[in-house]
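Analysis of the macromolecular model
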There are 4 protein chains.
Amino acid sequence: MPRYDANQQLPMEQVFRDPVHDYIHVQHQVILDLIDSREFQRLRRIKQLGTSSFTFHGAEHSRFTHSLGVYEITRRICDKFARNYATKVPGDGGWDDSERLVVLCAALLHDIGHGPYSHTFERIFQTDHEAITVEIITSPTTEVHQILAKVALDFPGKVASVIQKTYSNPQVVQLISSQIDADRMDYLLRDAYFTGVNYGTFDLTRILRVIRPYKDGIAFQISGMHAVEDYIVSRYQMYMQVYFHPVSRSMEVILDHLLKRAKRLYEESDLQMKNKADLLVPFFDQTFTLEDYLKLDDGVLSTYFTLWRDEQDPILSDLATRFLDRKPFKSVNFSSKYDEPILHKLQVLIQEAGYDIDYYTAINNSYDLPYDFYRPNQIANRTQIELMYQDGSFIELSKVSEIVSSLTGKVRGDERFYFPKEFLKPKTPKEITLFEPIYQDFKRYIKNDAIIQPTNPLEE
Amino acid sequence: MPRYDANQQLPMEQVFRDPVHDYIHVQHQVILDLIDSREFQRLRRIKQLGTSSFTFHGAEHSRFTHSLGVYEITRRICDKFARNYATKVPGDGGWDDSERLVVLCAALLHDIGHGPYSHTFERIFQTDHEAITVEIITSPTTEVHQILAKVALDFPGKVASVIQKTYSNPQVVQLISSQIDADRMDYLLRDAYFTGVNYGTFDLTRILRVIRPYKDGIAFQISGMHAVEDYIVSRYQMYMQVYFHPVSRSMEVILDHLLKRAKRLYEESDLQMKNKADLLVPFFDQTFTLEDYLKLDDGVLSTYFTLWRDEQDPILSDLATRFLDRKPFKSVNFSSKYDEPILHKLQVLIQEAGYDIDYYTAINNSYDLPYDFYRPNQIANRTQIELMYQDGSFIELSKVSEIVSSLTGKVRGDERFYFPKEFLKPKTPKEITLFEPIYQDFKRYIKNDAIIQPTNPLEE
Amino acid sequence: MPRYDANQQLPMEQVFRDPVHDYIHVQHQVILDLIDSREFQRLRRIKQLGTSSFTFHGAEHSRFTHSLGVYEITRRICDKFARNYATKVPGDGGWDDSERLVVLCAALLHDIGHGPYSHTFERIFQTDHEAITVEIITSPTTEVHQILAKVALDFPGKVASVIQKTYSNPQVVQLISSQIDADRMDYLLRDAYFTGVNYGTFDLTRILRVIRPYKDGIAFQISGMHAVEDYIVSRYQMYMQVYFHPVSRSMEVILDHLLKRAKRLYEESDLQMKNKADLLVPFFDQTFTLEDYLKLDDGVLSTYFTLWRDEQDPILSDLATRFLDRKPFKSVNFSSKYDEPILHKLQVLIQEAGYDIDYYTAINNSYDLPYDFYRPNQIANRTQIELMYQDGSFIELSKVSEIVSSLTGKVRGDERFYFPKEFLKPKTPKEITLFEPIYQDFKRYIKNDAIIQPTNPLEE
Amino acid sequence: MPRYDANQQLPMEQVFRDPVHDYIHVQHQVILDLIDSREFQRLRRIKQLGTSSFTFHGAEHSRFTHSLGVYEITRRICDKFARNYATKVPGDGGWDDSERLVVLCAALLHDIGHGPYSHTFERIFQTDHEAITVEIITSPTTEVHQILAKVALDFPGKVASVIQKTYSNPQVVQLISSQIDADRMDYLLRDAYFTGVNYGTFDLTRILRVIRPYKDGIAFQISGMHAVEDYIVSRYQMYMQVYFHPVSRSMEVILDHLLKRAKRLYEESDLQMKNKADLLVPFFDQTFTLEDYLKLDDGVLSTYFTLWRDEQDPILSDLATRFLDRKPFKSVNFSSKYDEPILHKLQVLIQEAGYDIDYYTAINNSYDLPYDFYRPNQIANRTQIELMYQDGSFIELSKVSEIVSSLTGKVRGDERFYFPKEFLKPKTPKEITLFEPIYQDFKRYIKNDAIIQPTNPLEE
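Residues numbered from 1 in each chain as written. Chains lettered and ligands numbered in written order. Predicted model: local features only at pLDDT ≥ 70, side-chain atom pairs only at ≥ 80, totals over all residues.

Going by what an unreviewed UniProt entry lists, chain A is known as HD domain-containing protein and is assigned to Carnobacterium antarcticum.

Okay, here's the thing in structure tokens:
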């Protein structure tokens, strides 16, 4: 079996045209082979942003393109490190370029375990894309594993350990997973490009000028403080304006309820259903293998939804239609601390109108911690962003940036209550007849996009 | 049933964020309802460029986004026309803004009849996306029709006639279909944006400044000659570099052969096969209805390919794998006029290696006529591009542009011969054993990406 | 004399190509005439960012281009307001489009009084660009005045009062002068474009979607909160990274000292000098008229510097050379509160080396208040940014944005001590001989770009 | 005196932010010193496009920024060549990286001899910017020379010979001077960026991928044919739409006539004049030295124009005003072959109105040869663009591109007749009285922006 030299370069660099980074440059045969592998090509059929394209129609890009982008940013950082900060003696905090191949492979493969609409799918079917990523890399049956194993028998394990953050060199780990890593840098730029918003466009070239290795990982020259600060603000803005958009989350709610309904019908032995979702059966049954998982993609789900649209179960058929034809639920801000009693009243109204509230209402939370410094006693610790002075001393980012400080350690986001749109905007004659009376009551509880305690009594 | 006023404006303009045009502005309720219709939402699941994303990985955008873009360009032109060239007396060659709604609807819906990978699909299954576009607009069963019919009973027919180019006002027809129409303008810009190439980026704002209505259709002020010329060059460049890319066409060849094989197996009554492609059966049988057609999308095809990958038929399984995992055929330039004898020799060699040449080789042509002036005696006539002088006289574009003249009336493109890549680059030990001897012979016929008459005899 | 109709439109809209806004659209004859006026054309010869192009070499754009940009943004806002928020009854808080011409003229002319390197020039010669702006608009001798007076005799006064913030309609005033006005929006985008940094690229199109008039001025829909927040951050970033750049300020220090020296020599009756600076004499003498002022531009100053380079006075000649050939002083952070004693020591060292510290050292402050809410008891009050809820109630920006809150009311910037570069980097043999001994002492006081209390004694 | 090692690298790469290339990377001390030299800094005060900013207001960028850009493109090409095409044995056609420093210096300095508005200035004063470039490099008095001489005593001569195209290595010469060199590549992109047009934006990254050295110079891989073709079209478009713009040429005509008038007055011993143009006297006298030349810049000229505006000579004063206040002449297309008789009639009319036709009319030609192949018998030969096939054979560009072929060897541009605008658009009462009768006659000869033979007799 032909094997790779660990650093076997391609005789001629190959490129992939990329709208975000102009070109993706491939210089190793192993990278080219990984890109050509079955498991990696499958990422073409899985959208990077799930239901976000229902809100931002340009955001139809796949996890394939993002994975190439993370690879490319990592490659550029390696080039900078090798040129400016090559290690001279072990332990001097410099960059050891023999780590290049392992970090490039980890960058390329860090999302290889993702399936369709992972967030929702995982909740319903108890899958775990991170565990599957490791499995794809380490299982002898996959093409990815076989390619990696040609470098060295222990190479797949090394790549997996980078992704699991247990690899010994903290520089390698932090390039892939930290609060400012190649993964985040690519998705912010890429998602901004494809959605068409420009909140995410921080200054990548400047970041690449000030990033540098040190003994305990990755740091940034103090002269680049504002560029790093700007990256944190961009990240925050993308979460607030794109990733947490109420309409995208609404489509996720519908997807969640649709899969939940299908699973329930399957469990209740609706045979017809089963016939029409062969590729999902192992997941309904919780007997799925890696092979089963690798057959899934966005198209498989939407194909079953197309079939379910014609099923007899009205909830399944209706939810499938809502997903395929983009009929999002409406939503309002909601506080689980204060609004529970009113929530109950609204649910009663919705139920009175004939809706099953298990499938037609939801509470959805979206929260993110834009940045945090290292807190030793917490379980999920974060590698804080370190800035390096000219004399080699360090300072943590939020200590010098009041903007970052204002976002530090504060969970941001909101909680929303979802319900069918027709409650607020009855359109068809049937809807008007059905909802008009309820609507008068319903709307008293909603003001300025939030649930309120009504001050005016219902007119009778 | 609630009806629209033909010019019912939304109380508040709605917008969709678009990476190409910044915002798509919707000002009429009927446009909003068409976008929300089932048939239009379906376009989200059909890629604009078919197999091109196998070459340019960013090109994953859908026909949905393109259709919004064509609408938006048309809307902007209507605004310009209404402000600067409003008709005063009938027949004065000005713009009659009561045409706005019909042209906006035609712009939005001009591609509504497209299915997955239309070009290939239509060849195998004798469908016709233009006829289906008209059917969707005029058939009383569709949501699109019902929405249009609310404007006026004869409104769907009018919209269809614009797309069929039989509508009475030539300005309206040419905005949607001519050599420089809103459709082409959007796809050049959009495809350039998503592929990441910049050949397609002509100067839209300048074109919109010089476009103007006249008695017989649409013209351009002479001062904008170079902007129009640049558009023609951009169009030519996109065809040469993106649309005709040999690798994208290779994936199309594989798709073609895969569907052909599936159809053949179905016709030969491979029952197992049939079970696994419910949604394609009406097409295998040639009994399909509009409803059957509207269920298809890219995901339905790839789902069946995933199932076919595990089928027993080795050709079906292999071609499905090649498509899903992106294993394109290799190709070389070929001239049907001169290279037929050598083609035969190559096919013999390929067959000797055990390949069925019906499924493993192909001749693929890609030709385009970048621009032409009006030629009265030809069947497929083109509306030539007219430039208007300050005194109101006209001149046809190619008469004043030597660049355009050099492209005028000349069909551009190439013919390529496709065959399995392993013939030129055997990789696995098995491939090497199999192909090495043939390879020595095979490669004598290929030089500089083209078929040649070998000058050196085969060494023995 | 031909007069304008207050709303006389051009028969055909005219455009100027603009790299930031694509096109500047001119629709009124009076605007075209103002652009063509002598006083406005003069702005072509005055750089927008003064000495910043010594740091960011692309930033060579003039006040002419910026003034067109402010006009264009204002025009677009007027269009939005007229379409969506036209006033129906007086006092309803809507937009009265009869204000269009006055606000457009004020936008175009708001910087007309600027001279070369205003900031520095004004300090040395006690000029005031704001007062001169008003004078240009109201003085009967200027072309600008004569053009404005054709609209109506009281029109120049109205335009001036908008710039002076005394105009009765607060919407008009705030479009030109508030914490988020057309002036700031243009210069952030324009300066970002020409410097090549991308900190300043907030989302103008989104801001233009959410801006709206109300009774007391200009507000923003709450849905656009994050876009406004992003604008504040962009503004902050541009100040920190571009406008306050230490090297640009260093060149300003040199310019300041050079003009100060020339004035001193003039006052001391150096006759030769006077002959060579005819156009500056009225400023040396403090007898200048508007006509004298309008003859000045960047080129006039640099021409005199070229002549002064050959003057006998060594300080004048040296400073002129430093400015023309871009030889900035070096600088370090300095705190007037703590570092005064050390400053004194450094100045002594510099004087010992033979430099006149009046001309070869400086303290330079750059401070900005990125945002503030209205504080009733302060002298220089700011119009706070108001966000409007769906029900018409308001909230001040910093109350809903923690990022903005973190910047609110806090003066940002720094104080730096400037001195000749050769103290830290002696280069020529002569410099090395001269500075080496001092350098050993000097550098003890400087660490991490700041003045420190040295901990190590000077080695002897 | 400290000397450079020919390849002395900076300990840390330095960068200049550039809006076109993102960053200019400086890696050698000698490059940094050249940029800091007096002669190079002077380029900041000379606009790259002369009078073009009167048409495209954004085009205020200097020759300084362009020179940095040419350097940067050359540097990137050197990197590509060194990595992919390093020479192994002398004469193998590969790239010898010991040429790097000489080509980088030549790239940086290729325009160092330019003065203000060179084209016009040279015609009036018989200067020659190319000869001056060589003089600056080789004259021992300049800072540039002294810096270059530190590399090696014969180094200045080598750099000059690259610019003079006599250097022995054709690869080095063609990188700086050929039909597709670093100079042209930078100015097309830069001028497009600053004007805001997008005709000039060819695909630089793709060109940099396909450019390669060979034995006789620089070639391009055949796969990049369309990218090279696109570059030729961009170049052609920039000439047609930007560089040859009639209004920019009109301002050049005014400048030409203004300098011609000043010289004439000087020669006629107008003493007052002389006093006011010290820095021009050596040019009036034709006694100028290099030192005199290096004192000139755009600001020096405009300063004298400001003084001349107040001179007694009415022609000098009027032309100075027209230049400073941008009052261009009007123009029409003109053919010296056919239109001479009519030209004469128009000149008579203009003279009858009291204008001196020597100063108030002009014929201006702008012609360019967009591309040509090598023509052995011609004096001014061009290095043709060679494309390289996979087998190492070559083909000349116009042989495979019909677009390029259509532009090859054909001189493009036009000839225009310039005259005062008031003849076509009298505005003031005085102008109307003066020009109305003549105007009726004058306009008979002009139609569709060109001179015509009038068909209708003058009504009397």
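Once the structure has been displayed, the description carries forward.
Turning to the interface of chain C and chain B, a few remarks are in order. Listed per partner, the contact involves five residues of chain C and five residues of chain B. When residues of the side of chain C that touches chain B are traced back to their parent elements, those giving at least two are β2 (22-28) and α11 (204-210) of chain C. (Contact = placed C-beta atoms within 7 Å. Helix = DSSP H or I, 4+ residues; strand = E, 2+ residues; numbered from the N terminus.)

Residue and element names in this part refer to chain D. Running from amino to carboxyl end, helix α10 (residues 182-195) crosses helix α12 (residues 225-243) at an angle of 45 degrees, the nearest separation of the two axes being 11 Å. Classified by the angle their axes make, α10 and α12 are oblique. As α10 packs across α12, the resulting crossing turns out to be left-handed. Contacts from R184, L188, D191, A192 and T195 in α10 reach S234, R235, M238 and V242 in α12. Tallied by class, the residues present in the contact of α10 with α12 amount to four nonpolar, two polar and three charged. (Axes fitted to C-alpha atoms, helices over the stretch in contact; angles between N-to-C directions. Parallel < 35°, antiparallel > 145°, perpendicular 65-115°, else oblique. Left-handed = near helix turned anticlockwise from the far one by under 90°. Nonpolar A, V, L, I, M, F, W, Y, C, P; charged D, E, K, R; others polar.)

Looking now at the interface of chain B and chain A. Counting from both sides, the interface comprises 32 residues of chain B and, opposite them, 33 residues of chain A. Elements supplying a minimum of two residues to the side of chain B that touches chain A: β1 (9-18), α2 (38-41), α3 (63-84), α10 (182-195) and α17 (298-308) of chain B. The element best represented in the side of chain B that touches chain A is α17(B), accounting for six residues. Per-class residue counts for the side of chain B that touches chain A are 10 nonpolar, 12 polar and 10 charged.

Laying chain C over chain B is done by rotating through 180 degrees and shifting 0.0 Å along the axis; what remains is an RMSD of 0.0 Å. On the angle and the small slide along the axis, the relation comes out as a two-fold axis. In this assembly the copies share their binding face: 100% of the residues contributing to the interface of chain C also contribute to that of chain B. (Least-squares fit on C-alpha atoms with pLDDT ≥ 70 in both.)

Here we take up the sheet that holds strand β7 (residues 386-388) of chain C. Residues and elements named next belong to chain C. The strand order across the open sheet built from four strands is β3-β4-β7-β8, with neighbouring strands paired in mixed fashion. Both outer strands of the open sheet, β3 (211-214) and β8 (394-396), are each paired with one neighbouring strand and no more. The mean angle between the axes of side-by-side strands here comes to 45 degrees, regardless of whether they run parallel or antiparallel. As paired strands, strand β4 (residues 217-221) and β7 are joined by two bridges and run parallel to one another. For Q221, the partnering residue across the bridge sits in β7 and is M388. (Pairing = 2+ DSSP bridges.)

Of the transformation superimposing chain B on chain A, the axial component is 0.0 Å and the angular component is 180 degrees, with the fit at an RMSD of 0.0 Å. Most of the interface of chain B is mirrored in chain A, where 100% of its interface residues are also at the interface.

This next bit is on the environment of Q453(C). Residue and element names in this part refer to chain C. Relative to the elements of secondary structure, Q453 occurs in the segment after β11 (450-451). The class of Q453 is exposed, set by 11 C-beta atoms lying within 10 Å. Separated by 111 residues in the primary sequence, Q453 and I342 place their C-alpha atoms 7.3 Å from one another. (Buried ≥ 20, exposed ≤ 12 C-beta atoms within 10 Å, placed from the backbone.)

Interfaces are often described in size by the accessible area the parts lose on coming together. All names here are of chain A. Here chain A is partitioned into domain 1 (9-244 + 371-407) and domain 2 (246-367 + 414-451). Here the C-alpha centroids of domain 1 and domain 2 sit 34 Å apart. Every element with two or more residues in the side of domain 1 that touches domain 2 is listed here: α5 (118-125) and α6 (129-138). Per element, the largest residue contribution to the side of domain 1 that touches domain 2 is five residues, and it comes from α5. Residue composition of the side of domain 1 that touches domain 2, grouped by class: eight nonpolar, nine polar and six charged. (Domains from an automatic or database assignment.)

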